[in-house]
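A look at the structure
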Amino acid sequence: IRLIPIMSGIAVGYLCAIGLGIHDFSKVAAAPWFGVPDFVFPEFRWEAILFIIPITLAPAIEHFGDIIAISSVTGKDFLKDPGIKSTMLGDGIATMLASFIGGPPNTTYSEVTGAVALTRAFNPGVMTWAAIWAIVLSCVNKLGAFLSSIPVPVMGGIMILLFGAIMVVGLNTLVRAGEDLMEPRNLAVVALIIIFGVGGMTFNIGSFRLGGIGLAAVTGVLLNLFLPRAVHVHKKVKSE
């Protein structure tokens, strides 16, 4: 039931896009009804390996943040059970297996936490069945072509809601932890993370490029390490 407003938003956005002429059904018409996805075995190149090693730091940090966020949303501490080492291991194994058949990385995605916060579907079994159906439906080429035909402005509207939700979840986690966001140190850390992530800031050195959530995550970690923490002095007043 909670998915109805989201699906209605996509449907209305799609109809508006059709009315404005922002659509292309040619790929949907050309796609066959059923087919097996293209499996591509990986190629190992030192240039690509050396390029990707420092970038892996960003999804590792994002994974940690996603586990904290989903723990806050569901009310269950996943840092303790099953533990961050187990979730990180599962993340890495899934990504390696996907790369061996030409698939995308299976790292944690922040927008999924936003979707969970909106739908309140906390049962991990729901995600298991969703994954099974995603595998089955990947063989329906017409459906894949239809989803890819959704105009960018329509998907952009959904992404604004989902990414906005995960940012609110993160800020709410800090507030519930008793952190004073108006303290200069915390203010600087949070402000730079948000602006770097939302503003599309990029950092380039030669062919190496880091931007978006990855740059925001690395920036947050470095600022948290190097900015001096406030020293609170508590005075005891002895009354006579």
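Coordinates for the structure precede this section.
First things first, this report covers the structure right here in the doc. Note that the coordinates shown come from a computational prediction; the quantities given were computed from them, not determined experimentally.

**Thoughts on the nonpolar core**
Judged by nonpolar contacts, I67, A69, I70, V73, F78, V116, A117, I166 and V169 together constitute the single largest core of 9 residues. Contributions of two or more residues to this core are made by α4 (57-74), α6 (110-119) and α9 (152-176). When residues in this core are grouped by element, the largest group, 4 residues, is from α4.

**Considerations on the pattern of salt bridges**
Scanning the model with the defined rule gives 1 salt bridge in all. Ionic pairing is found between R45 and E43, a salt bridge with its closest N-O pair at 3.2 Å. You'll find R45 and E43 in the same group, each marked exposed.

**Some thoughts on the packing of α4 against helix α5 (residues 79-100)**
Helix packing geometry: the angle between the two helix axes and the distance between the axes. It is at 11 Å that the axes of α4 and α5 come closest, and there the two elements cross at 145°. Of the two elements, α4 crosses α5, and the hand of that crossing is right-handed. Between α4 and α5, the residues in contact are A60, H63, F64, I67, I68 and S71 and L79, I84, T87, M88 and D91, respectively. Along the lines of polarity and charge, the residues of the contact of α4 with α5 split into 7 nonpolar, 3 polar and 1 charged.

**Here's the deal with α5**
At S86, α5 shows its largest kink, close to 50°. Restricting attention to buried positions, one finds in α5 the residues G83, T87, D91 and A98. Tucked inside the fold, the buried residues of α5 contact α4. Of the residues trailing α5, G102 is marked for its positive phi of about 80°.

**Some thoughts on the environment of F64**
By secondary structure assignment, the location of F64 is in helix α4. Residue class for F64 comes out partly exposed when judged on its relative accessible area of 39%. In contact with F64, not counting residues within four places along its chain, are L79 and I84.

Rules behind the numbers
- Here, residues in each chain are numbered from 1, in the same order as that chain's written sequence.
- This being a predicted model, a pLDDT of at least 70 is required before a residue's local features are given, and a value of 80 or more before pairs of side-chain atoms are given or counted; all residues contribute to the totals for chains, interfaces and linings.
- Note: side-chain values were computed over all heavy atoms of the structure, leaving out hydrogens and water.
- As used here, the term nonpolar core means buried Ala, Val, Leu, Ile, Met, Phe, Trp, Tyr and Cys residues forming a set that is joined through side-chain atoms within 4.5 Å.
- Exposure classes here rest on a 1.4 Å probe applied to the protein chains alone. A residue is buried below 20% of its type maximum, exposed above 50%, and partly exposed in between.
- Counting from the N terminus, the helices are the DSSP runs of H or I reaching at least four residues and the strands are the DSSP runs of E reaching at least two.
- Only one rule defines a salt bridge in this text: a Lys or Arg side-chain nitrogen within 4 Å of an Asp or Glu carboxyl oxygen.
- Axes here mean lines fitted to C-alpha atoms, for a helix over just the part in contact, with angles spanning 0 to 180 degrees between N-to-C directions.
- Helix crossings are classified by the rotation of the near helix relative to the far one: an anticlockwise turn of less than a right angle makes the crossing left-handed, while a clockwise turn makes it right-handed.
- Working rule for contacts: check all heavy atoms of both residues, and any pair within 4.5 Å makes them a contact.
- Under the scheme applied here, ten amino acids are nonpolar (Ala, Val, Leu, Ile, Met, Phe, Trp, Tyr, Cys and Pro), four are charged (Asp, Glu, Lys and Arg), and all others, including Gly, are polar.
- Note on bend: at a given residue it equals the angle between the axes fitted to the 7 residues ending there and to the 7 starting there.

Purely geometric numbers; function is a separate question.
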